[in-house]
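# Reading the structure
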Amino acid sequence: WDGQDYKGLRVLMKAQGKCTTDHISQAGPWLKYRGHLENISGNLFLGAENIFAEGEPGIGIDVRDGSHVSLPELAKKYKVAGIAWVAVGDQNYGEGSSREHAAMEPRFQNGLVILVRSFARIHEANLKKQGMLPLTFANPDDYNKVRFDDAIDVLGLADITPGKQISVVLNHSD
C-alpha cells in the first residue's frame, strides 16, 4: 500500500444479516485447496446473502453489465479487469472460526476494504494481517445507504492512525 486514498472502489456485495467465516470461505470440500489460494478463492462469499441478489446466496451483480454471477466469479472478473472492490457487511462480520482464508481470499481477489457495522475481533485482526482495510460505519444506519452500483472513495488514508476517523464517500450512480 502506497499511502494513497482509494477511489472508485466497486461494491462486490453487501451481506444481509450474518456473514460468518463460513459464509466468506466455506469449509468442507474446499479445505483441500487451503494450500492453493487461487483454487480456494473459488468459494469466496458463496454462503453470503447479498442484499442485492436476495434469495440467491453467493450471487453478485456485475456493475458493468447488470449480470448476475457467482460472487467468486465476479471477484475474479473484477481482478482481471483491474477493478478494486469493497465488501459491505452487517453486524459481527467474520464471526466463527478464526480461519485465515476468510481474510486471505478477499485480498487475493483484489478486495481492499471491508466496511461493516461491526467486526468479530479475530477476523478484524486477520484482515489487517492480510493487508485489507477493515472499517466500521461511524453511524451504523449508513449501511442502508450503500447501493450495488456505488463507486466508493476512502479518503484520509495518508493520515490514518488507530481510532482516527476517515471518510468513506458513496458515489451513487444518480
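Above: the structure in question.
From a predicted model like this one, the values you see are computed outputs, not experimental measurements. (Residues numbered from 1 in each chain as written. Predicted model: local features only at pLDDT ≥ 70, side-chain atom pairs only at ≥ 80, totals over all residues. Heavy atoms only, no water.)

## Comments concerning the packing of aromatic side chains
One pair of aromatic rings is described through two measures. These are the centre distance and the angle between the planes. Short version of the rule: In this scheme Phe, Tyr and Trp rings, the latter by its six-membered ring, pair at centre separations within 6.5 Å, and the angle between planes marks the pair as stacked below 30 degrees, edge-to-face above 60, and tilted otherwise. Each helix is a run of DSSP H or I of at least 4 residues and each strand a run of E of at least 2, with the numbering of both proceeding from the N terminus. Only protein chains enter the accessibility calculation, which uses a 1.4 Å probe; a residue whose area is less than 20% of its type maximum is buried, one above 50% is exposed, and one in between is partly exposed. Any Lys NZ or Arg CZ that is within 6 Å of a ring centre and within 35 degrees of that ring's normal is treated as a charge sitting over the ring.
By the definition in use, this model includes three aromatic pairs. Note on phenylalanine 45 and tryptophan 85: the rings are 6.3 Å apart at their centroids and 70° apart in plane angle, and the pair reads as edge-to-face. Of this pair, phenylalanine 45 sits in the loop between helix H2 (37-40) and strand E2 (59-61) while tryptophan 85 sits in strand E4 (residues 85-89), and the two are 40 residues apart along the sequence. Geometrically, the ring pair formed by tyrosine 93 and phenylalanine 119 is edge-to-face, given 6.0 Å between the ring centres and 90° between the ring planes. Pair noted here: tyrosine 93 is in the loop between E4 and helix H4 (101-108) and phenylalanine 119 is in the loop between strand E5 (111-116) and helix H5 (121-129), with a separation of 26 residues, a long-range link. When its relative accessible area of 11% is taken as the criterion, phenylalanine 119 is described as buried. When the ring centre of tyrosine 143 is taken as origin, the NZ or CZ atom of lysine 14, which lies over that ring, is 4.5 Å away. Positioned above the aromatic ring of phenylalanine 108 is the side chain of lysine 79, whose terminal nitrogen or guanidinium carbon lies 3.5 Å from the ring centre.

## A few points about H4
Counting buried positions over the eight residues of H4 gives six, a clear majority of the element. What H4 keeps buried is the set His101, Ala102, Ala103, Met104, Glu105 and Pro106. Backbone geometry just downstream of H4 places asparagine 110 in the positive-phi region, at approximately 80°.

## Here's the deal with the nonpolar core
As a reminder of what qualifies: Here, nonpolar core refers to any group of buried Ala, Val, Leu, Ile, Met, Phe, Trp, Tyr and Cys residues whose side-chain atoms link them within 4.5 Å.
Leu12, Met13, Phe45, Trp85, Tyr93 and Ile114 are the most contacted members of the largest nonpolar core, which totals 24 residues. Taken together, the elements giving at least two residues each to this core come down to strand E1 (6-14), helix H3 (71-80), E4, H4 and E5. In terms of residues, this core owes the most to one element, H3, which gives four residues.

## Considerations on the sheet that holds strand E6 (residues 133-136)
Rules: A pair of strands is considered paired only if DSSP assigns at least 2 bridges between the two. Fitting a line to C-alpha atoms yields each axis, with helices limited to the stretch in contact; the angle taken between N-to-C directions then spans 0 to 180 degrees.
Strand order in the open sheet made by the six strands is E6-E5-E4-E1-E7-E8, with mixed pairing throughout. Unpaired on one side and paired on the other, E6 and strand E8 (167-171) mark the two borders of the sheet. With direction set aside, neighbouring strand axes in the sheet form an average angle of 30°. Alignment of E5 against E6, held across four bridges, turns out to be parallel. Bridged to leucine 115 within E6 is leucine 135.

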